[in-house]
Amino acid sequence: MADVSTMSSLKGKDFLTISQFTGDEIHTFLKQALDLKKMQKEGIPHPYLSGQTLAMIFEKSSTRTRVSFEVGMYQLGGSALYLSSRDIQLGRGESIPDTAKVLSRYVDGIMIRTFAHEKVEELAANADVPVINGLTDTHHPTQVLADLLTIYERKGKLKGLKACFIGDGYNNMAHSLLEGAAAVGMDLTVASPEGYEPDPEILSAAKARAEENGCQVGFTTSPQEAIEAADIVITDVWASMGEEAEKEKRLRDFRDYQINEELASLAKSDYLFLHCLPAHRGEEVTAGIIDGPHSAVFDEAENRLHAHKAILKCLMESN
Ligand code: CP
Ligand code: NVA
């Protein structure tokens, strides 16, 4: 069971980035997720959020995040409201602060998927209930918690592992993985073409944190260097939501960064392959890798449910 004192320190908090949590707090979420997963698999009811409601605002598309948060709230005894920005007044120009204040009068938590990260921060600053970042242009922390859960389940540890992310170093996954790896003591090298480096502030903060935690995170333009002897190999789409107009250019810029059989042969023989999905087979990864024996992408997708339930319980449980 997760440590009670760490759990109580999470109550009422927002979940905006991975970097806001200590390694102990991340392990508390992971232990909670494993407990909830076991209860769900064994059919043991766990209505910790009975009577509570989560509002879920989406300004971008979603399959996994939407369904796992909604089903998660249901399994925890509460309910969830799907609010497309097309349908609520936010989409017609009502301000973020007013939206935050109004929703706080009705619901017990707010999850939002949007473009600028500052919008999530503004929502959190004006809400009286916990706010969860369901993806912004620069961060995807709930996905990275599910990734850490998947790695922990498969490898039995996080600290001391060597991971790589090969793809767009400036995207939400790369940034949250840098923050997550640094927090838990896992080495992570991001490999991207020139012009797609991680945000320098996020990278330097992650490097400092990694040093404190006895691991190394860094950047290279060489996918071969990043993947050499890696335990964990991660990629993501080359054009994220909102970057569709750059797709053709990105296909050219990233063509040497595909995770294929030749590149993967440089990883450890028991490497684990992760991708947050949705994936484009034949672009960032070959079908042989994503559908092959090293891939854990569907366990990773399932773990969104268990990780999100842990987040919801730790932030919103009232006693
Ligand atoms: N991985 C992820 O966030 O998937 P969705 O976009 O389907 O929510
Ligand atoms: N980097 C991707 C992640 C999708 C879950 C995007 O932002 O589109």
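Right, let's walk through the structure included here.

## Thoughts on the site of ligand 2
No. 1: Residues in contact with ligand 2, as listed here, are Leu135, His140, Asn171, Asn172, Asp236, Val237, Ser240, Met241, Cys276 and Leu277.
No. 2: Within the contact set of ligand 2, a nitrogen atom lies 2.8 Å away from a side-chain nitrogen or oxygen of asparagine 172.
No. 3: Aspartate 236 places a polar side-chain atom, nitrogen or oxygen, 2.6 Å from a nitrogen atom of ligand 2.
No. 4: In terms of residue class, the shell around ligand 2 is built from five nonpolar, four polar and one charged.

## Here's the deal with the packing of helix H6 (residues 141-155) against helix H7 (residues 172-184)
No. 1: Close contact between H6 and H7 brings their axes to 9 Å; oriented N to C, the two are set at 50 degrees. In terms of orientation, H6 and H7 fall into the oblique class. Every pair of crossing elements has a handedness; the one defined by H6 and H7 is right-handed. Packed against H6, whose contacting residues are Pro141, Gln143, Val144, Asp147 and Leu148, the element H7 presents Met173, Ser176, Leu177, Gly180 and Val184 at the interface.

## Overview of the site of ligand 1
No. 1: Neighbouring ligand 1 are the residues Ser62, Thr63, Arg64, Thr65, Arg113, His140, Gln143, Cys276, Leu277 and Arg304.
No. 2: Measuring from an oxygen atom of ligand 1, one finds a side-chain N or O atom of serine 62 at 2.6 Å.
No. 3: The contact in question runs from an oxygen atom of ligand 1 to an N or O atom on the side chain of threonine 65, over 2.7 Å.
No. 4: The protein chains hide 96% of the 260 Å² of surface that ligand 1 would expose on its own.
No. 5: Grouping the constituent residues of the shell around ligand 1 by class yields two nonpolar, five polar and three charged.

## Here we look at the sheet that holds strand S4 (residues 131-133)
No. 1: Here we have four strands laid out as an open sheet, ordered S2-S1-S3-S4, and parallel in their pairing. With one partner strand each, in any of the chains shown, strand S2 (79-84) and S4 form the two edges of the open sheet. When the angles between neighbouring strand axes are averaged without regard to direction, this sheet yields 20 degrees.
No. 2: Against the sheet, helix H5 (residues 117-126) makes contact with strand S3 (109-113) and S4, and its axis sits at roughly 170 degrees relative to S4, the strand it touches most.

## Quick word on the pattern of salt bridges
No. 1: Applying the stated criterion across every chain, the model contains 17 salt bridges.
No. 2: Put simply, lysine 37 and glutamate 153 hold a salt bridge, and the shortest N to O gap is 2.7 Å. You can see lysine 37 sitting in helix H2 (residues 23-41) and its partner glutamate 153 sitting in helix H6, a full 116 residues away along the chain.
No. 3: Exposure remark for glutamate 153: the relative accessible area of 34% places this residue in the partly exposed category.
No. 4: The residue arginine 154 makes a salt bridge to aspartate 299 at a minimum N-O spacing of 2.7 Å. Of the two residues, arginine 154 is situated in helix H6 and aspartate 299 in helix H13 (residues 297-316); the sequence distance between them amounts to 145 residues.
No. 5: Judged by its relative accessible area of 32%, aspartate 299 is partly exposed.
No. 6: One continuous salt-bridge network, built from bridges that share partners, spans Asp168, Glu243, Glu246 and Arg250.

Rules used in this analysis
- Residues numbered from 1 in each chain as written.
- Chains lettered and ligands numbered in written order.
- Predicted model: local features only at pLDDT ≥ 70, side-chain atom pairs only at ≥ 80, totals over all residues.
- Heavy atoms only, no water.
- Near = heavy atom within 4 Å.
- Polar contact = N/O pair within 3.5 Å; in protein donor to acceptor, adjacent residues only side chain to side chain.
- Nonpolar A, V, L, I, M, F, W, Y, C, P; charged D, E, K, R; others polar.
- Axes fitted to C-alpha atoms, helices over the stretch in contact; angles between N-to-C directions.
- Helix = DSSP H or I, 4+ residues; strand = E, 2+ residues; numbered from the N terminus.
- Parallel < 35°, antiparallel > 145°, perpendicular 65-115°, else oblique.
- Left-handed = near helix turned anticlockwise from the far one by under 90°.
- Contact = heavy atoms within 4.5 Å.
- Areas by Shrake-Rupley, 256 points an atom, 1.4 Å probe, with all protein chains shown as cover.
- Pairing = 2+ DSSP bridges.
- Salt bridge = Lys/Arg side-chain N within 4 Å of Asp/Glu carboxyl O.
- Buried < 20%, exposed > 50% of the residue type's maximum accessible area, 1.4 Å probe, protein only.

Without other data, these values stay purely geometric and don't point to any function.
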